[in-house]
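Tertiary structure, described
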Amino acid sequence: MVPDTQNDRFEWLEKRVAQLELENLKLKKQVLKLQKENLQLKRRLLAYENAHTPPSKSKKKREPREPSGKLGAPLGHEKHEREQPEPTQTVEHKVELCSRCGNKLGKSMLIERRIIEEIPKPKPIQITEHLIHHYKCKSCGKQNVAAHKLPRGSFGFNLQTHVTLMRFEDRLPLRKVVNTLQRHYKIKLSDVAVLNITKRAARTLQPEYQKLLRLLRASKVVYADETEIKVNGKTYWIWVFVGEHGTVYVIKPTRSKKVVAEILGETFAGVLISDGYNAYSSYKIHQRCWAHIMREAKALLEQYPSFGLFYKKLKRMYRQLQQTREKPSPLPKREALKLRLELRMQQLVDVLESYRKFKDFTTKLRNGIGCWFTCLTHLYAEPTNNNAERALRELIVQRKIIGGLRAQHGANTMATINTMLATWRTQELPLFQTLKNALIR
């Protein structure tokens, strides 16, 4: 209630102003706190809603596509049917007496032919005792041992191969490998036994792994990428390098350029294709990934409609790049086109630099000038890094299943075996027999 006298009213107003100022200060503090929380949430959300977020982590639901018409293959598409296998045995189903009157039946009027594919019943493992004879020469005293190709330890090569493939090709956790072996072969193994089998397999495959590293350094083109993984609770990095002769994985505790130099060597002379991470920038012939930059451009277009003109210019350059690669002209013309496109990219960057909201994107474009159109003069190099991303996806799936690794030796095992499997898969070699042969050697 407002006082009647002027002095009392003035005193009441002073108190009221002080009270409102205090409330205003409290509200400002609350606003500041909410703004800080909002900024933190936006940063956390950015990990799930950016141009590089894979579909598995994205919180955005994909918009349903419009139905394209009837289901199935388009008209004129070659029909695909599974080939019928040749039978390994024949079983005849006959009946002698009529089921109604009991009269004796003669020769069948029709034979219905059906092919049934079946797997054999689970069988216990074979346990073989090997007696290896040792001899001593009576003449010179030399000890001689009968030749054999037996594995170290008590597990045969078939078992070792099967365990290794279940672990890394079928992506089964240790306990699932143990359960599967128990169900199919009545063999009881522990998690540690399975782990030791895969470690021994990785050590045996090391010479082949080192050979692939040497071939990688001699490749004309290498696609590279990396992603993180936890090893004993610490952040390590899975690196993948896809060359002409195979795919090489390494798992290291660092994301520095030292890893790239260690794998490719300081004198690598081929084309290196990457997403633009700084660790790859020291190599002379470099192709930046157009898929990455176009995804970022599209994300900016969705956020800022004013980016539309710049997006169209980028898209036009990429289209021209693809069309030239599809119908390549002589090298001098492609070199001239490369220079023109690099000039257009520089002009685009110069205009974009006046927009603060496009600063990060502009920096990526500027840092890549000289690397966006390398594939015009080196046609065997792709304009995107999709080969490395596809190769990395296999270990990302394994990472999701196992969660992480416990030690460096587990990381080495994972990298070595996956390297060989990915390479053999690319070469279209039968994995079981190829791995078994490698373990026997």
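Refer to the structure presented above.
Here, residues in each chain are numbered from 1, in the same order as that chain's written sequence. Since the coordinates come from a predicted model, pLDDT governs what is reported: local features require at least 70, and pairs of side-chain atoms require 80 or more to be given and counted, while whole-chain, interface and lining totals use all residues. The side-chain values count all of the structure's non-hydrogen atoms but skip hydrogen atoms and water molecules.

**Section: the overall build of the chain**
When helices and strands are counted, the chain shows 13 helices and seven strands. Here the C-alpha atoms of the chain give a radius of gyration of 34 Å, more than 25% beyond the 22 Å that 2.2 N^0.38 yields for 441 residues. Expressed as lengths along the three principal axes of its C-alpha atoms, the size of the chain is roughly 125 × 75 × 65 Å. Type-normalised accessible area, obtained with a 1.4 Å probe on protein chains alone, sets the label of each residue: buried when under 20%, exposed when over 50%, and partly exposed for intermediate values. Within the span of the chain, comprising 441 residues, buried residues form 32% of the whole. The criterion used for residue contact is that any of the two residues' heavy atoms lie within 4.5 Å. For the chain, restricting intrachain contacts to residue pairs at least 6 apart in sequence, the fraction spanning at least 24 positions comes to 61%. Calculation of accessible area relied on Shrake-Rupley with a 1.4 Å probe; when residues are assessed, cover is drawn exclusively from the protein chains displayed. Taken as a whole, the chain presents about 31,600 Å² of accessible surface, with 52% of it coming from carbon and sulfur. Only four residue types enter the tally: Lys and Arg on the positive side, Asp and Glu on the negative side; His and the chain ends are excluded. Charge placement uses NZ in Lys and CZ in Arg. For Asp and Glu, CG and CD serve respectively. Seen as two clouds, the 82 positive and the 43 negative side-chain charges of the chain have centres 5 Å apart. Numbering of helices and strands runs from the N terminus, with a helix taken as a DSSP run of H or I at least four residues long and a strand as a DSSP run of E at least two residues long. The quantity called the radius of gyration is restricted to C-alpha atoms. Its globule counterpart is 2.2 Å times the number of residues to the power 0.38.

**Considerations on empty space enclosed by the protein**
Definitions used for this entry: grid spacing 1 Å over protein atoms alone; cavity, a set of points where a 1.4 Å probe fits but cannot get out; pocket, an open set with protein on both sides within 12 Å along at least 5 of 7 lines; lining residue, one with an atom within 4 Å of a point. Grid points are joined across faces, edges and corners, and a volume is the space filled by probe spheres set on the points. Tallied over the full model, the rule gives one cavity of 30 Å³ or more. Within this model, the largest cavity holds a volume of roughly 40 Å³. In terms of lining residues, the largest cavity is bounded by Leu212, Leu215, Leu216, Ser219, Gly243, His245, Gly246 and Val248. It is helix α5 (residues 206-217) that contributes the most residues to the lining of the largest cavity, three residues altogether. Of the residues contributing to the lining of the largest cavity, the split by class is four nonpolar, four polar and no charged. Three classes are used, and their members are as follows: Ala, Val, Leu, Ile, Met, Phe, Trp, Tyr, Cys and Pro are nonpolar, Asp, Glu, Lys and Arg are charged, and the others, Gly among them, are polar.

**Regarding the packing of helix α8 (residues 308-326) against helix α9 (residues 331-352)**
The N-to-C vectors of α8 and α9 enclose an angle of 170 degrees; their axes lie 11 Å apart at closest approach. With respect to each other, α8 and α9 are oriented roughly antiparallel. Facing Phe310, Lys313, Leu314, Arg316, Met317, Gln320 and Thr324 of α8, the residues of α9 in contact are Arg334, Leu337, Leu341, Arg344, Met345, Leu348, Val351 and Leu352. Partitioning the contact of α8 with α9 into residue classes produces nine nonpolar, two polar and four charged. Fitting a line to C-alpha atoms yields each axis, with helices limited to the stretch in contact; the angle taken between N-to-C directions then spans 0 to 180 degrees. Each angle receives one of four descriptions, namely roughly parallel if under 35 degrees, roughly antiparallel if over 145, roughly perpendicular if within 65 to 115, and oblique otherwise.

**A closer look at the side chain of glutamine 398**
With respect to the helices and strands, glutamine 398 occurs in helix α11 (residues 386-402). Look past the residues within four positions of glutamine 398 in its chain and what remains in contact with it is Phe168, Arg171, Met414 and Asn418.

**Digging into the sheet that holds strand β5 (residues 247-252)**
If you trace the five strands from one edge of the open sheet to the other, you get β5-β4-β3-β6-β7, paired in mixed fashion. The open sheet has two edge strands, β5 and β7 (286-288), and neither has a second partner. Across the sheet, the axes of successive neighbouring strands diverge by a mean angle of 25 degrees, strand direction being ignored. One bridge is not enough; two strands pair if DSSP finds at least two bridges between them. Taken together, the six bridges between strand β4 (residues 234-242) and β5 define a ladder with antiparallel strand orientation. Its bridge partner being in β5, valine 242 is matched across the sheet by threonine 247. Packed on one face of the sheet, α5 meets β3 (221-231), β4 and β5 and runs near 105 degrees to β5.

**Focus on the layout of surface pockets**
Summary: where empty space remains is shown by rolling a probe the size of a single water molecule over the atoms. Here the second largest pocket defines a volume of roughly 1,100 Å³. Together, 25 residues line the second largest pocket, and Thr90, Val91, Glu92, His93 and Glu112 are the ones closest to its centre. In terms of residue class, the lining of the second largest pocket is made up of nine nonpolar, six polar and ten charged.

**A word on the environment of lysine 79**
Inspection of the secondary structure assignment puts lysine 79 in the loop between α1 (6-46) and β1 (134-136). When the C-alpha atoms of lysine 79 and lysine 327 are compared, they prove to be 31 Å apart, with 248 residues separating the residues in sequence.

**A word on the pattern of salt bridges**
Whenever Lys or Arg places a side-chain nitrogen within 4 Å of a carboxyl oxygen from Asp or Glu, that contact is recorded as a salt bridge. All chains considered together, the criterion is met by nine salt bridges. Note that glutamate 226 and arginine 255 form a salt bridge whose closest N and O atoms lie 2.7 Å from each other. Highlighted residues: glutamate 226 in strand β3 and arginine 255 in the loop between β5 and α6 (257-264), separated in sequence by 29 residues. Close ionic contact of glutamate 296 with lysine 364 constitutes a salt bridge, the shortest N to O distance being 2.8 Å. With glutamate 296 in helix α7 (residues 290-303) and lysine 364 in helix α10 (residues 359-367), this pair connects stretches of sequence that are 68 residues apart. Under the relative-accessibility criterion, glutamate 296 is labelled buried at 13%.

Read these as layout, nothing more, since geometry by itself doesn't imply function.
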